[in-house]
Amino acid sequence: MTALTLSTAAASGQRADVIVVGVAKGAKGPVVAPGAESVDKAYDGKLASVLETLGAAGAEGEVTKLPAPSGFKAPLVLAVGLGAVPEKDSGYDAEALRRAAGAAARALAGSKKAAFALPIEDAADTGAIAEGALLGAYSFDAYKDNGDDTAAKGKGAKGAKAPLAEVALLGAKSRDKAHKAAVERATAVAEELNRARDLVNTPPNDLNPEAFAAVATAAAKEHGVKIQVLDEKALAKGGYGGILGVGAGSEAPPRLVKLSYSAGKAKKHLAFVGKGITYDSGGISLKPAGHNETMKCDMAGAAAVFAAVITAARLGLDVNVTGWLALAENMPSGSATRPGDVLRMYSGKTVEVLNTDAEGRLVLADALTRASEEKPDAIVDVATLTGAMMMALGGRTFGIMANDDAFRTSVHEIAEEVGEPSWPMPLPEHLRKGMDSPTADIANMGERMGGGLVAGLFLKEFVGEGIAWAHLDIAGPAYNESAPFGYTPKGGTGSAVRTLVRLAERTAAGDLG
Ligand code: BES
Ligand code: MN
Ligand code: ZN
């Protein structure tokens with residue numbers, strides 16, 4: 001990953017390929033953002049008007065390249081748009097900095113070293129810029145031919161530019177503890193989040209449940225996290241009918257992975273549960289063409305949970321975090337679960353499977369019941385659960401449902417704080433009767449309208465009595481099919497990782513319940 005350093009040295013002396021400055025949208029044209037005063041001075045104070053001449057307005061995500069002023073060691077200046085100039089006395093908000101740093105890092109793919117002279121008022125700003133740069137520099141080229149048989153595959157792929165190799169953050173004191181800690185935190189979060197993106201982007205023929213469990217096992221060992229993997233035999237012995245029923249059609253058997261990061265006995269305990277369908281074909285209720293090309297992303301919830309637990313361990317957070325990865329491949333075959341089959345779930349409840357494409361709730365139900373047995377203080381599940389949630393909220397916003405309004409509000413506020421768009425959604429009780437089954441305790445499908453809420457109501461039945469629970473439906477934001485923006489690439493995005501990590505941090509700090 002991109003290397004980060006902190007420096008208080010002047011921009012003019014930086015031995016770099018490029019100096020990055022911020023430009024904001026003012027009432028009368030572009031305004032050079034704080035942090036770039038010395039750069040502006042070297043242009044005789046005319047940087048804003050030069051940028052205006054070049055067509056720059058300071059809009060969010062806009063990038064403008066110009067030759068560096070004479071006397072600079074770096075040959076190039078890149079001005080990145082920050083959006084509107086903040087109100088008097090308030091600085092740039094963290095998300096504006098994160099996005100600008102991400103857009104700059106993305107635009108600089110192929111360069112070796114950039115020095116970022118963006119506005120930094122405190123350590124939080126340093127952290128936001130670091131996070132944005134590391135996330136924006138991400139690229140996934142493991143499967144691209146590099147045109148050189150002697151080099152390792154994926155390194156410097158032909159036609160694709162290598163990610164920006166090094167970023168120096170100017171204005172951040174390298175000896176200041178708070179700035180250093182902010183960079184360390186951003187590095188841990190971004191490395192694990194980028195690994196979650198890698199997992200989502202990995203083609204499903206290379207990432208089946210067993211392969212995912214192997215990646216989790218290696219990472220857990222490296223970071224001192226306890227791991228337990230239930231294979232198909234152990235799942236059968238334990239009565240995990242939901243996970244087994246979904247995996248029944250695949251040649252690659254399912255897994256339930258438990259990751260435990262322990263901070264000590266008396267601490268608060270969070271459980272994160274992730275939907276890990278390594279490929280969702282729909283099963284016997286096969287998806288039509290046009291609906292299955294991106295379904296390798298259906299394990300994004302499990303990837304987010306995995307990343308969050310490892311990050312909690314790397315940061316040594318003062319909270320116990322258990323991650324549950326419910327891994328299966330949803331395929332049609334002679335051994336697949338049929339519409340009409342009844343599954344006996346881990347909880348003992350029976351479920352009539354009316355549509356094998358509503359598989360996420362089945363694997364999650366077993367994992368939620370299992371997670372509840374340990375009586376955590378709260379459970380959060382993360383899942384690419386319904387097309388309906390995508391219909392409701394679009395491609396960038398996840399829905400939050402919960403059995404506890406205060407907890408839902410907290411999760412929403414935390415998501416907002418870390419720059420993840422989300423919105424609280426209800427769980428209307430009247431939708432429950434649509435899942436009544438003549439044969440079993442419940443059906444895995446109900447009314448079509450409000451399908452995201454129906455799925456949430458199904459999950460709720462498998463959460464232990466008295467445990468605060470929230471459900472994040474990330475079907476929209478998990479996978480970006482449009483153009484990259486800010487620090488978000490095309491493909492896997494790492495959605496929900498930063499919300500889970502901040503929830504763990506806030507719980508550790510005693511801010512919640
Ligand atoms: N994995 C899909 C949901 C999904 C759709 C995620 C689009 C990302 C993008 C899920 O398993 C699914 O198929 N849900 C069905 C449920 C229905 C059959 C009740 C859906 O949303 O159509
Ligand atoms: Mn499905
Ligand atoms: Zn699915």
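Look above for the structure.
Residues numbered from 1 in each chain as written. Chains lettered and ligands numbered in written order. Predicted model: local features only at pLDDT ≥ 70, side-chain atom pairs only at ≥ 80, totals over all residues. Heavy atoms only, no water.

Trainee: Can you help me understand the coordination of the manganese ion (ligand 2) in this one?
Mentor: Each angle at a metal carrying four tetrahedral donors should ideally be 109.5 degrees, and each at a metal carrying six octahedral donors should ideally be 90 or 180 degrees. Distances from the manganese ion (ligand 2) to its protein donors, namely Asp-280 (OD), Asp-357 (O), Asp-357 (OD) and Glu-359 (OE), fall within the range 2.0 to 2.2 Å. In this structure, the manganese ion (ligand 2) is coordinated by 6 donor atoms arranged in irregular fashion, with angles at the metal of 70 to 169°. Read in sequence order, the donor residues coordinating the manganese ion (ligand 2) give the pattern D-x76-D-x1-E. Between the manganese ion (ligand 2) and the zinc ion (ligand 3) the interatomic distance comes to 3.2 Å, and Asp-280 is a ligand of both metals. You can see Asp-280 sitting in strand 10 (residues 269–280) and its partner Asp-357 sitting in the loop between strand 13 (350–352) and helix 10 (360–372), a full 77 residues away along the chain. (Donors = N, O, S within 2.8 Å, 3.2 Å for Na, K, Ca; no water. Tetrahedral: all angles 85-135°; square planar, octahedral: opposite > 155°, others 65-115°. Helix = DSSP H or I, 4+ residues; strand = E, 2+ residues; numbered from the N terminus.)

Trainee: Looking at this structure, how should I read the packing of helix 10 against helix 13 (residues 451–460)?
Mentor: The angle between the axes and the distance between the axes are what describe a pair of packed helices. One way to put it is that helix 10 packs onto helix 13 with a least axis distance of 9 Å and a crossing angle of 30°. In terms of axis orientation, helix 10 runs roughly parallel to helix 13. The chirality of how helix 10 crosses helix 13 is right-handed. On helix 13, the residues touching Arg-361, Leu-362, Leu-364, Ala-365 and Leu-368 of helix 10 are Val-454, Ala-455, Phe-458 and Leu-459. Of the residues that constitute the contact of helix 10 with helix 13, the class distribution is 8 nonpolar, no polar and 1 charged. (Axes fitted to C-alpha atoms, helices over the stretch in contact; angles between N-to-C directions. Parallel < 35°, antiparallel > 145°, perpendicular 65-115°, else oblique. Left-handed = near helix turned anticlockwise from the far one by under 90°. Contact = heavy atoms within 4.5 Å. Nonpolar A, V, L, I, M, F, W, Y, C, P; charged D, E, K, R; others polar.)

Trainee: Looking at this structure, I do not really get the coordination of the zinc ion (ligand 3). What am I missing?
Mentor: Around the zinc ion (ligand 3), the protein supplies Lys-275 (NZ), Asp-280 (OD), Asp-298 (OD) and Glu-359 (OE) as donor atoms, at distances of 2.0 to 2.5 Å. One can describe the donor arrangement at the zinc ion (ligand 3) as octahedral, given that its 6 donor atoms subtend angles of 78 to 175° at the metal. Here the donor residues of the zinc ion (ligand 3) share one chain and are spaced in sequence as K-x4-D-x17-D-x60-E. Looking at Asp-298, the relative accessible area reads 2%, which means it is buried. (Buried < 20%, exposed > 50% of the residue type's maximum accessible area, 1.4 Å probe, protein only.)

Trainee: Explain unusual backbone geometry to me, please; I cannot follow it from the model alone.
Mentor: What is expected of a backbone is that most residues other than glycine have negative phi and most peptide bonds are trans. Backbone geometry places Asp-44, a non-glycine residue, at a positive phi of 60°. Inspection of the secondary structure assignment puts Asp-44 in the loop between helix 1 (37–42) and helix 2 (47–53). Residue class for Asp-44 comes out exposed when judged on its relative accessible area of 62%. For Ala-496, which is not glycine, the phi torsion reads 85° and is therefore positive. On the secondary structure map, Ala-496 appears in the loop between strand 20 (491–492) and helix 14 (497–508).

Trainee: Help me out: how do you make sense of the site of ligand 1 in this one?
Mentor: If you check the shell around ligand 1, you find 16 residues, and the closest are Lys-287, Asp-298, Asp-357, Glu-359 and Gly-387. Between a nitrogen atom of ligand 1 and a side-chain N or O atom of Asp-298, the distance comes to 2.8 Å. For ligand 1, whose unbound accessible area comes to 530 Å², protein coverage reaches 79%. Sorting the residues of the shell around ligand 1 by element identifies strand 10 and helix 11 (387–393) as the ones contributing at least two each. (Near = heavy atom within 4 Å. Polar contact = N/O pair within 3.5 Å; in protein donor to acceptor, adjacent residues only side chain to side chain. Areas by Shrake-Rupley, 256 points an atom, 1.4 Å probe, with all protein chains shown as cover.)

Trainee: Before we go on, may I ask you to explain the pattern of salt bridges in this structure?
Mentor: Oppositely charged side chains are able to pair whenever their charged atoms sit close together. Per the stated rule, a full pass over the model turns up 30 salt bridges. Put simply, Arg-502 and Glu-417 hold a salt bridge, and the shortest N to O gap is 2.3 Å. Taken together, the positions of Arg-502 in helix 14 and Glu-417 in helix 12 (residues 405–418) put the pair 85 residues apart, joining distant regions of the chain. Of the charged contacts, one joins Glu-461 and Arg-432 as a salt bridge, the two residues approaching to 2.5 Å between their closest N and O atoms. Of this pair, Glu-461 sits in the loop between helix 13 and strand 18 (468–473) while Arg-432 sits in the loop between strand 16 (422–424) and strand 17 (442–443), placing them 29 residues apart in sequence. A residue is classified by how much of its surface remains accessible, and Arg-432, at 16% relative accessible area, is buried. Where salt bridges share partners, they join Glu-60, Glu-95, Arg-98, Arg-99, Glu-131, Arg-185, Glu-417, Arg-498, Arg-502, Glu-505, Arg-506 and Asp-511 into one cluster. (Salt bridge = Lys/Arg side-chain N within 4 Å of Asp/Glu carboxyl O.)

Trainee: Explain the environment of Ala-213 here, please?
Mentor: Counting through the fold element by element, Ala-213 comes out in helix 6 (residues 209–222). Sequence separation of Ala-213 and Lys-226 is 13 residues, and the distance between their C-alpha atoms is 13 Å.

Trainee: Just checking my understanding: could you explain the nonpolar core for this structure?
Mentor: It is characteristic of soluble globular proteins that their nonpolar side chains tend to be buried jointly. In terms of nonpolar packing, the biggest core is built from 94 residues, with Phe-116, Phe-212 and Leu-325 touching the most fellow members. Broken down by element, the residue count for this core peaks at 12 residues, all from helix 9 (residues 300–315). When we break this core down by domain, the ones giving at least three residues each are domain 1 (3–172) and domain 2 (191–508). Apart from the residues lying within four places of it in its own chain, the contact partners of Phe-116 are Val-20, Ala-101, Ala-104, Ala-105, Ile-129, Ala-133, Leu-164, Val-167, Ala-168, Leu-169 and Leu-170. Counting 44 residues, the second largest nonpolar core, distinct from the first, contains Val-246, Tyr-346, Leu-362 and Met-389. (Core = buried A, V, L, I, M, F, W, Y, C linked by side-chain atoms within 4.5 Å. Domains from an automatic or database assignment.)

Trainee: Just checking my understanding: could you explain the environment of Val-39 for this structure?
Mentor: Mapping Val-39 onto the fold places it in helix 1. By relative accessible area, which is 0% here, Val-39 ends up buried. Separated by 78 residues in the primary sequence, Val-39 and Ala-117 have C-alpha atoms spaced 8.7 Å apart. Those residues in contact with Val-39 that sit more than four places away from it in its chain are Ala-11, Ile-19, Val-21, Leu-47, Pro-69, Phe-72 and Val-77.

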